[in-house]
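A structural walkthrough
Take a look at the letters that make up each chain.
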Amino acid sequence: MGCDSHGNLTDAEFSKPLPSIGIYVAAASLICGVSMFADLLHGIRHRKYWFPCKFFSLNATTLTFISVCVKLSLDLNTPMPSRQDQLAKLSSSVFFCVVMANSMPSLGFMVTRDLLMNLVALGILVVTDVVNICIQLGTGAIYVFTREHALVIVLMVIIFTILSFSAIAIPNTKRYLELKYKKKYEFALKECPSRAERRKGVPKLREDLMKFWMMAHTSSPQFVMARSVTCTASGFLCVLSAATLSEAMVRSYFLQPQSSLGFCNGESDYKWSTTLVLVSQGAAIAFGTVAPASRWFSAVKYLRCPSAKKGLRDEMRVESYWFECLSEKKERPLNLWMLNNRRGRKLAHDVNRWMLDVCIATQHGLVLASKFLRFITVYFVSRILLCCLLFTFKCESTVSNAESSPSSSSPTRRFVLHLEGEEELVDYMARTNREATEHLIQKGRKQKPVNLIELLESTTASVSQGFEGIWYFDSDEVPSLATGEPPNCWALPLVTLTSIAVALPNVKPCSLKKLVKAVNEALVYVKKFEDVLDIEGELANSRKAAEVVWLGVDLYHKWLNVDLRKLSKQEKTTTQVLEELVDIAKREFTEMWQKNLIYCMKHKPSHWPIKTLAANSMYRISQTLLNKYESRDIGTEEEMLLKDVERMVSDIVAGCFCNAAQVIGMKCLVTAVEVREASVREAAMHLGRTEKILEIVDRRCMPALSHHEVAKIDGWREFYRTNNRCISLTRPSSQCTTRDLILNLE
């Protein structure tokens, strides 16, 4: 290390770390490839064959990985004589082209600031890579595949230019589609039936979901970017760059001997790691090319249909949204407070307008070139199919025309949001998105809560025809332990009733196990409902108390460190167990009250500490059951009490599910465009999972409650209290409409 005996620098050890650097490059390439492959699986799983960017998008992390992956193409002076060395340099450049084309839809979700910063960082990488490759072509570091390198450099610059200028139109298209969404949304509200015209709940929910999914999906920023003409053009260029690498590899390995291509002898300082880089980047390129190629092929597929064909003049028209943002900036004055003289300000404005004119002309040229490329591609593909598969093509055309006619008259077609120039895509998007909604609902049906459905069916058929258990679980005759009573949430009574059931003696283990499983499934949906319904967060502490208590009951059979199984195995009657639970709850409440006296006195009951709320719930429900059963003879009281608990649990869950339409509707009304599609997708899956439950709840007779009262369990209890527990039978419980929901929200 350092200098030798003659004073010269010893550099023999400098190249030793290079194989490790090669492994580092290969690992980074493999991570990018796995991320792009994950996007492929995600798209196939959700039937989104335009492949949105979920795991691999353009951000600071991926830009860092890309900078590592192109290390070999940026290396100016390390000798790389062998075949795999030269191919590794070419694969690095092709990999860069592929990741840019693959991640193009992710630009749609970025805000303007992030968009600008990411594109600037990407531009620096592109310029650095292009300049370094040009230097290596000049110095001879790259001495084979020079034409392939030149073509890939051109493709890289074009793809980056398309990427940058497509980003200019994103804010304008977002604003335009958001305005269209609001208008279509108002139109959808007008179509909602009134209270007198209400139909069966589940089919109506499914129909409303179709409309909201159509609007949310077709206005998704990623989908808008993926179906744009520039994105399909970048997909074609991506395929061309991957084909260039494939041609070089096939030619060097199979068609021409190594000596005829002029490869030099020896190996690079990267040694065997260049082969590893070539393999990992080749796999990443193969995975990453699928999504851009699929977007390009999808454009060819739906544009070659007779209904979507346009003439060259119509095809070559550039829509205004591509350059509207630039035109607005051109007319807007600059903030030139530093320039005091008129001549300087005039010069600055002239330069600004000239630059914007150049950008507008470039935008025109890119869009026109992309449209022309798409038109030529569609023309040749149609002719090839016509020549090779004439009979098959005619049959498919006949079938597609037969299928397109009903879709054109489909009611959901009116809710497709599209940009100017996308009129030919409306039928295609309406058909595919309707199928996607049905797929989501069907997928949800496969995840039904079986135990919960069994509990609801058994109690609805045998003992419960309404929702009386919501009133019976907590009696007003039970004295309060403190001044004021906290409001009930849906989850805490469920958890407390199940805790009591676990503590009951002489209960069949299979019956108890089924109840616990059913409540466990119910709490998943109750939590989702309360997340939506408890907008003000008034029941936040009660919901937390339910989560804490259920964690102990479900996993350890304990209620706040009280072993319920041990309690059930004592030689005590049901009445004695209930008395002990009442005493335990009183003691726990008193301890927590004394410990947090100042806090509890200062805040209203809904803000009491979690353990205080849990103890209060256990006290009131246990005392209610004790008052009911203490005067009865002990015999089969355990099973009767368990049946009563099951009925109360069933009624509480059924009452909560009466809010299904409201919850699904509110999930569809998310205003943030970035999360709107995911929210509606979750609502569709939720409907599929709970469809059977809603049908069971529909068979029950529901009191005449307003939407505000239905949303809160205390609203139900107040109704029963006011009406002296008389039930007014009106409508099936889950049949509320979107119009009712909006009137309620307003």
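Placed above this text is the structure.
Here goes a summary of the coordinates provided. Each chain carries its own residue numbering, running from 1 in the direction its sequence is written. Only residues with pLDDT of at least 70 get local features here, since the model is predicted, and only at 80 or more are side-chain atom pairs given and counted; chain-wide, interface and lining totals rely on the full set of residues. Derived side-chain values reflect all non-hydrogen atoms in the structure, with water molecules and hydrogen atoms excluded from consideration.

Here we come to the nonpolar core. By size, the foremost hydrophobic cluster in this structure holds 136 residues, and its most contacted members are F467, W559, F657 and W716. Setting aside anything within four residues of it in sequence, one finds F657 in contact with L452, Y525, F529, T690, I693, L694 and V697. Residues belong to a common nonpolar core when they are buried Ala, Val, Leu, Ile, Met, Phe, Trp, Tyr or Cys residues joined through side-chain atoms within 4.5 Å. Three labels apply to residues, based on accessible area from a 1.4 Å probe with only protein chains included: buried if under 20% of the type maximum, exposed if over 50%, partly exposed otherwise in between. Core analysis: the second largest hydrophobic core is formed by 64 residues, C69, V130, F160 and C231 among them. Note on contacts: a residue pair is in contact if any heavy atoms of the two residues lie within 4.5 Å.

Close approach of charged atoms lets side chains of opposite charge pair. We define a salt bridge as a side-chain nitrogen of Lys or Arg found within 4 Å of a carboxyl oxygen belonging to Asp or Glu. A full pass over the atoms with the stated rule returns 34 salt bridges. With its nearest N and O atoms 4.0 Å apart, the salt bridge here joins E328 to R332. Relative accessible area serves as the criterion here: at 45%, R332 is assigned to the partly exposed category. In this structure, D534 and R543 form a salt bridge, with 3.2 Å as the shortest nitrogen-oxygen distance. The exposure class of D534 is buried, given its relative accessible area of 13%. We classify R543 as buried; its relative accessible area is 16%.

Bringing helix α27 (residues 660-668) into the picture now. By definition, any uninterrupted DSSP run of H or I lasting at least four residues is a helix, any uninterrupted run of E lasting at least two residues is a strand, and each is numbered from the N terminus. Of all nine residues that make up α27, eight are buried, and the element is covered over most of its length. Looking at α27, one finds that the buried residues are A660, A661, Q662, V663, I664, G665, M666 and C668.

Time to look at the packing of aromatic side chains. A pair of Phe, Tyr and Trp rings is counted when the ring centres sit within 6.5 Å of each other, with Trp represented by its six-membered ring. The angle between the planes then sorts it: under 30 degrees is stacked, over 60 is edge-to-face, the rest tilted. Evaluated as defined, the whole model comprises 14 aromatic pairs. An aromatic cluster of at least three residues, connected via ring pairs, comprises F236, W296 and F297. Lying across the ring of F223, R227 places its NZ or CZ 4.9 Å from the centre. The ring of Y181 is capped by R676, whose NZ or CZ atom sits 3.7 Å from the centre of that ring. Only when the NZ of Lys or the CZ of Arg is both within 6 Å of the ring centre and within 35 degrees of the ring normal is a charge said to sit over the ring.

In this section: the environment of T574. By secondary structure assignment, the location of T574 is in helix α23 (residues 574-595). In this structure, the C-alpha to C-alpha distance between T574 and L504, residues 70 residues apart in sequence, is 6.3 Å.

Site definitions follow a grid-based scheme: protein atoms alone, a 1 Å grid, a 1.4 Å probe that fits but cannot get out for cavities, and for pockets an open set with protein on both sides within 12 Å along at least five of seven lines, plus lining residues having an atom within 4 Å of a point. Grid points are joined across faces, edges and corners, and a volume is the space filled by probe spheres set on the points. Put simply, the second largest pocket is a space of about 590 Å³. As for the second largest pocket, its lining consists of 21 residues, of which T112, L116, I168, L326 and K329 are closest to the centre. Put simply, the parts of the chain that give the lining of the second largest pocket at least two residues each are α5 (112-139), α6 (146-168), α13 (324-331) and α14 (342-388). Among the elements that make up the lining of the second largest pocket, the one with the highest residue count is α5 (six residues).

Next up on the list: the side chain of E588. In this structure, E588 sits in helix α23. The contact partners of E588, leaving out residues within four places of it in the chain, are L560, K611 and A615.

This brings us to helix α1 (residues 18-45). One less than the residue count of a helix, multiplied by 1.5 Å, gives the span that helix is expected to have. The first and last C-alpha atoms of α1 sit 40 Å apart over 28 residues, in line with the 40 Å expected at 1.5 Å per residue. R47 sits one or two residues past α1 and shows a positive phi near 55°.

Quick look at the environment of N172 now. As for its position among the elements, N172 is in helix α7 (residues 170-191). The spacing of N172 and E324 is 152 residues in sequence and 7.5 Å in space, taken between C-alpha atoms. Ignoring sequence-local partners within four residues, the contact set of N172 consists of Y321 and E324. The term polar contact refers here to a pair of N or O atoms within 3.5 Å; inside protein, the definition further demands a hydrogen-donor-capable atom paired with an acceptor-capable atom, and it admits residues adjacent in sequence only when both atoms are side-chain atoms. A polar side-chain atom of N172 sits 3.1 Å from a polar atom in the side chain of E324.

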